[in-house]
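In case you want the letters, here they are:
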Amino acid sequence: MAQSEGSRVRPLVFLSNNPISLIGVGLTTASALILVGFWVIDVFGHGGSANPYVGIIVDLCLPALFIFGLILIPIGILLRRRKLKAAGQLPSEYPKVELSNPVFREGLLFVVAATFINFVIVGTASYRGVAYMDTPNFCGQACHVMAPEFAAYQVFPHSHVACTECHIAPGIPGFIHAKLNGTKQLIQVIVGNYSRPIMPEGKVPQASATCVHCHNPGRYIGDKLMITTAYGDDENNPATKSLVLLHVGGRDLAGRLSGIHGAHMARIEYIATDNTNQTIPWVAKANDDGSTTEYVSSDAKQPARGEKRVMDCIDCHNRAAHSFDTPEKALNKAIQRGLVDASLPFVHKQGLALIKADYPSQEEADAKITSGLEDFYKTQHADVWSQKQSQIEQSAKALRAIYDQNVFPNMKLTWGTHPNNLGHNDYPGCFRCHDGSHNAKNGNSINNDCSVCHNLLATDEANPKQLADLGLQ
Ligand code: HEC
Ligand code: HEC
Ligand code: HEC
Ligand code: HEC
Ligand code: HEC
């Protein structure tokens, strides 16, 4: 023992007493302490961050510092050895490892100080990095490929809900899955081979792990009146109203299920054959008596194969946080809010054509939408141009905003890329199953009677009587 201590430990301790090695020891010790701290918080605490990109710090930066410190130690030793050898000062017998040795004490003091300083600096930097990565700003803005989702997210209603609340299932498996996914995505972004557009591809956790933390699935909502305004292509941009009374239902006080929410709270499973769940050839419903009814689409040529998914909130509210609009709906809303001025002749027709056109980039779209609208009034309605220039400019600005929130040519994301499943007029939505051709063996099909989902009180009427009855006109 004495022999090996003399022959191995003593020269190592002696030679590593140099600034490079000592800094290496300090760096390694400090990053190891911080790493262990993060692991402890991850495993035992609730303070751990669920953000996948936190892996950049905890799984990449800190281990890198740890290894960098380790590499510094032998480099310092070798350099010192070479220097002493060149100067002929390499001792034949290395001094004893003893605290009473002042040189050894100094070295130890240096290591303790370096560890402490590294601990404070690296620890603060990591902590701040982790805190920053937990903000929607980081997920949505620092990572430019998320720009479309961030833009759509800032629109009501979930703009105050952190990305991680819906994208990462709680618990260790969700955490590890997210970490791996995050690191993979980060590498894809650095290498530049991420998919354009980014599609959800079933990677969003089930609603039971996310939405239901904030929303009570049993809440009884009953009927909900939806009033929408649409504008026409004529010179005066004529407005019409639709009134739909949606039977949202839910679970009432007696525990009875009813309406749209209630109908799907019983267990419904389906198989989709595409990665956005738009084509659904097979559906099964668990009945109260324990039996199941299977519905098969008459369009399906062969029996459906694939993963079965239990229907939940996200199958209808898939765009709750990222509601990319249709050009028609976005423009109707902008006119209704007065952002696009309805007193400008043909502004609906022109505006729609301008936002629907193809442009190579948002910058080019912005320039062409503005010049397109201005030129239209300059050449076709000179009187309007001379009287309402500021309204025209303001309307062009609103059209640009609509485009910039919904179309991202650099991500190949355009109108209709992300279908919204809540409804059936713009995308298949409810009619993916309720199309009248999903049939059970007993001859029944999934209900597609208009009145089971809603009462159409008025469709595209100029002055619906019901609005007057409600005192809304
Ligand atoms: C309220 C829940 C919720 C929040 C908050 C949320 N998302 Fe999502 N996100 C979803 C759902 C649900 C989908 C799946 C959409 C689908 O299936 O059509 C999704 C899909 C996505 C996709 C895949 C592409 C797409 O548009 O379908 C990306 C990327 C994304 N979200 C990023 C983010 C970012 C970045 C944030 C924070 C700025 C965020 N999400 C916040 C629920 C949410
Ligand atoms: C962290 C909490 C939280 C989570 C998680 C969450 N929501 Fe919400 N959600 C809210 C709040 C708060 C509102 C109400 C916003 C308001 O009225 O200002 C809301 C509103 C809604 C609305 C009503 C929108 C409207 O137009 O009135 C729907 C639908 C909805 N959420 C669905 C979902 C779905 C689906 C998920 C899961 C993908 C989800 N939420 C996850 C907090 C959450
Ligand atoms: C079968 C489709 C479907 C499913 C599944 C579904 N919803 Fe809905 N939900 C609707 C429809 C349709 C509306 C009414 C339209 C609207 O509010 O935009 C609605 C309305 C809502 C609202 C707005 C209520 C209000 O007072 O304005 C919330 C919140 C909501 N749903 C949450 C949820 C949650 C949480 C789940 C899962 C537990 C869920 N929904 C499951 C179709 C569905
Ligand atoms: C994955 C398939 C699927 C989708 C998508 C779907 N449903 Fe259903 N829905 C069913 C099944 C299965 C039933 C039970 C069979 C039935 O009652 O016809 C059902 C039943 C209902 C019922 C009760 C019907 C009755 O006869 O009482 C309503 C209302 C309803 N759905 C509304 C909606 C709405 C609104 C949407 C879209 C927002 C929607 N569903 C989307 C599968 C689906
Ligand atoms: C399975 C349920 C379901 C069935 C069946 C159904 N609808 Fe709907 N419908 C909806 C939902 C949900 C919405 C609301 C969509 C939204 O929130 O934008 C809607 C909205 C509408 C609207 C208003 C569109 C708007 O944007 O103003 C019209 C019109 C309409 N439906 C017509 C019909 C007709 C006609 C039938 C019968 C052939 C029918 N629907 C059958 C669920 C259904």
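Criteria and thresholds
- Residues numbered from 1 in each chain as written.
- Chains lettered and ligands numbered in written order.
- Predicted model: local features only at pLDDT ≥ 70, side-chain atom pairs only at ≥ 80, totals over all residues.
- Heavy atoms only, no water.
- Helix = DSSP H or I, 4+ residues; strand = E, 2+ residues; numbered from the N terminus.
- Core = buried A, V, L, I, M, F, W, Y, C linked by side-chain atoms within 4.5 Å.
- Buried < 20%, exposed > 50% of the residue type's maximum accessible area, 1.4 Å probe, protein only.
- Contact = heavy atoms within 4.5 Å.
- Donors = N, O, S within 2.8 Å, 3.2 Å for Na, K, Ca; no water.
- Domains from an automatic or database assignment.
- Pairing = 2+ DSSP bridges.
- Salt bridge = Lys/Arg side-chain N within 4 Å of Asp/Glu carboxyl O.
- Near = heavy atom within 4 Å.
- Polar contact = N/O pair within 3.5 Å; in protein donor to acceptor, adjacent residues only side chain to side chain.
- Nonpolar A, V, L, I, M, F, W, Y, C, P; charged D, E, K, R; others polar.
- Phe/Tyr/Trp six-rings, centres within 6.5 Å; stacked < 30°, edge-to-face > 60°.
- Lys NZ or Arg CZ within 6 Å of the ring centre and 35° of its normal.

## Examining unusual backbone geometry
- With an omega of -5°, the peptide bond between arginine 196 and proline 197 qualifies as cis.
- Considering the arrangement of structural elements, one finds proline 197 in the loop between helix H8 (172-191) and helix H9 (211-214).
- Positive phi, close to 55°, is recorded for asparagine 277, a residue that is not glycine.
- By the element assignment, asparagine 277 lies in the loop between strand E4 (268-271) and strand E5 (282-286).

## Observations regarding the nonpolar core
- The biggest cluster of nonpolar side chains holds 27 residues, and the ones touching the most others in it are Leu331, Val340, Ile355, Ile369 and Tyr377.
- Elements represented by at least two residues in this core include exactly helix H12 (327-336), helix H13 (347-356), helix H14 (362-380), helix H15 (382-387) and helix H16 (389-406).
- Here this core gets six residues from one element, more than from any other, and that element is H16.
- Look past the residues within four positions of leucine 331 in its chain and what remains in contact with it is Val340, His348, Gly351, Leu352, Ile355, Leu399 and Ile402.

## Brief notes about the coordination of the iron atom of ligand 5
- Bound to the iron atom of ligand 5 on the protein side are His424 (NE2) and His454 (NE2), at distances that span 1.9 to 2.0 Å.
- Under the relative-accessibility criterion, histidine 424 is labelled partly exposed at 28%.
- You can call histidine 454 buried: its relative accessible area is 14%.

## Some remarks on the domain arrangement of the protein chain
- Here the protein chain is partitioned into domain 1 (2-134), domain 2 (156-204), domain 3 (222-231 + 240-321 + 423-469) and domain 4 (327-411).
- Put simply, the middle of domain 1 and the middle of domain 3, counted by C-alpha atoms, are 61 Å apart.

## Quick look at the coordination of the iron atom of ligand 3
- Within the first shell, the iron atom of ligand 3 binds the protein through His261 (NE2) and His317 (NE2), at distances of 1.9 to 2.0 Å.
- What makes histidine 317 partly exposed here is its relative accessible area of 38%.

## Considering the pairing of E4
- Burial along E4 is two-sided: the face carrying Ile268 and Tyr270 and the face carrying Glu269 and Ile271 are both buried.
- Bridging between E4 and E5 involves four bridges; their strand directions are antiparallel. Counterpart to isoleucine 268 in the pairing with E5 is lysine 285.
- Relative to strand E7 (residues 308-310), E4 is paired through three bridges, and the arrangement is antiparallel. Bridging across to E7, isoleucine 271 finds its partner in lysine 308.

## Considering the sheet that holds E4
- Read across the sheet, five strands follow the order E7-E4-E5-E6-E8 without closing on themselves; strand pairing throughout is antiparallel. Two strands close off the open sheet at either side, each with one partner strand: E7 and strand E8 (438-439).
- The sheet contact formed by strand E6 (residues 292-297) and E8 spans two bridges and is antiparallel. The residue of E8 that forms the bridge with valine 296 is asparagine 439.

## A look at the pattern of salt bridges
- Applying the stated rule across the entire model yields 10 salt bridges.
- For glutamate 269, the salt bridge identified is with arginine 267, shortest N-O distance 3.4 Å.
- When salt bridges with common partners are traced through the structure, they connect Arg309, Asp312 and Asp315 into a single cluster.

## Description of the site of ligand 1
- Around ligand 1, 20 residues are found, and the nearest of them are Glu149, Cys163, Cys166, His167 and His322.
- Histidine 322 places a side-chain nitrogen or oxygen 2.8 Å from a nitrogen atom of ligand 1.
- Here an oxygen atom of ligand 1 sits 3.2 Å away from a polar atom, N or O, in the side chain of histidine 418.
- Of all the secondary structure elements, the ones that give two or more residues to the shell around ligand 1 are helix H6 (147-153) and helix H7 (163-167).
- Split by residue class, the shell around ligand 1 holds 13 nonpolar, five polar and two charged.

## Digging into the packing of aromatic side chains
- Counted by the stated rule, this structure contains four aromatic pairs.
- Between phenylalanine 150 and tyrosine 153 the ring centres are 5.9 Å apart and the planes differ by 25°, which places this aromatic pair in the stacked class. Of this pair, phenylalanine 150 and tyrosine 153 both sit in helix H6, three residues apart, which is roughly one turn of that helix. Like tyrosine 153, phenylalanine 150 is buried.
- Over the ring of phenylalanine 14 we find arginine 80; its NZ or CZ atom is 4.5 Å from the centre of that ring.
- Sitting over the face of the ring of tyrosine 194, arginine 196 holds its NZ or CZ atom 4.3 Å from the ring centroid.

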